[in-house]
Amino acid sequence: MKIMVIHGPNLNMLGEREPDVYGTVTLEDIDNMLKKNAAEKDIHLIIKQSNFEGEIINWIQQFSSSVEGIIINPAAFTHYSVAIRDALSNLSIPVVEVHLSNICAREDFRHRSVTAPVVQGQISGFGFQSYLLGLEAVIHLLEGKED
Ligand code: DQA
C-alpha cells in the first residue's frame, strides 16, 4: 500500500521556525517517524515538500491515481488556496489534513481552512503527533473500506 504525504510552504524550516509555535522537531524527524510507523504496517510513503502552490497541485494530480491515500499539511495555503482545494476535491481516495498547531486557537485568519471541507477530516494542534495521527486516520479510513 502506498500513501502520500505532502508538506506545504515553510515546513522545510521546522526546527528553527517559530519553535514556540511549532516545536523543535525538524521535518526530517517527522518524516522518519512517519516512515517508521508506516513500515511497521507494510506501507510505503511518498513524501514531498514544496513552497510552491502549483507544484503541490501537480503532485496531487500526478500521484492520486497511484497512492491509496494522502496526508497533507497545506500550511499557509490552507487558508486561501482555492486551487489546492479544487485539486483535492476531485479525488476519490481518503485525504486527511494535518496541522502542527491548533489553527483555531491562533490568529483569526488561520481559523478558516478552505481545504478542510473537501477532505475526510482535519487533525490540528498535536505538534508532530498530528502527522502520526493523520497516518492512523488514513489507514483507518482505508481499513473501513475493506469491510
Ligand atoms: C500550519 C498552520 C498554518 O496556519 C501555517 O501557515 C503553517 C503551519 C501548522 O502546521 O500548524 O505554515 O499548517
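Computed from a prediction, not measured in an experiment: that's the story for all the values here.

1. Regarding the site of the ligand
Every residue close to the ligand is listed here: Arg17, Tyr22, Asn73, Ala75, Ala76, His79, His99, Leu100, Ser101, Ile103, Arg106 and Arg110. Separating an oxygen atom of the ligand from a side-chain N or O atom of His99 is a distance of 2.8 Å. Leu100 is positioned with one of its backbone polar atoms (N or O) 2.8 Å from an oxygen atom of the ligand. When the free accessible area of the ligand is taken as 320 Å², the share hidden by the protein chains comes to 99%. By residue class, the composition of the shell around the ligand is five nonpolar, four polar and three charged.

2. Thoughts on the pattern of salt bridges
All told, the structure shown has four salt bridges when counted by the stated rule. Of the charged contacts in the structure, one is a salt bridge between Arg106 and Glu107, with a shortest N-O distance of 3.8 Å. Residue classification places Arg106 among the buried positions, given a relative accessible area of 18%. Each of Arg106, Glu107 and Arg110 takes part in salt bridges that share partners, so that together they form one network.

The rules behind each value
- Residues numbered from 1 in each chain as written.
- Predicted model: local features only at pLDDT ≥ 70, side-chain atom pairs only at ≥ 80, totals over all residues.
- Heavy atoms only, no water.
- Near = heavy atom within 4 Å.
- Polar contact = N/O pair within 3.5 Å; in protein donor to acceptor, adjacent residues only side chain to side chain.
- Areas by Shrake-Rupley, 256 points an atom, 1.4 Å probe, with all protein chains shown as cover.
- Nonpolar A, V, L, I, M, F, W, Y, C, P; charged D, E, K, R; others polar.
- Salt bridge = Lys/Arg side-chain N within 4 Å of Asp/Glu carboxyl O.
- Buried < 20%, exposed > 50% of the residue type's maximum accessible area, 1.4 Å probe, protein only.

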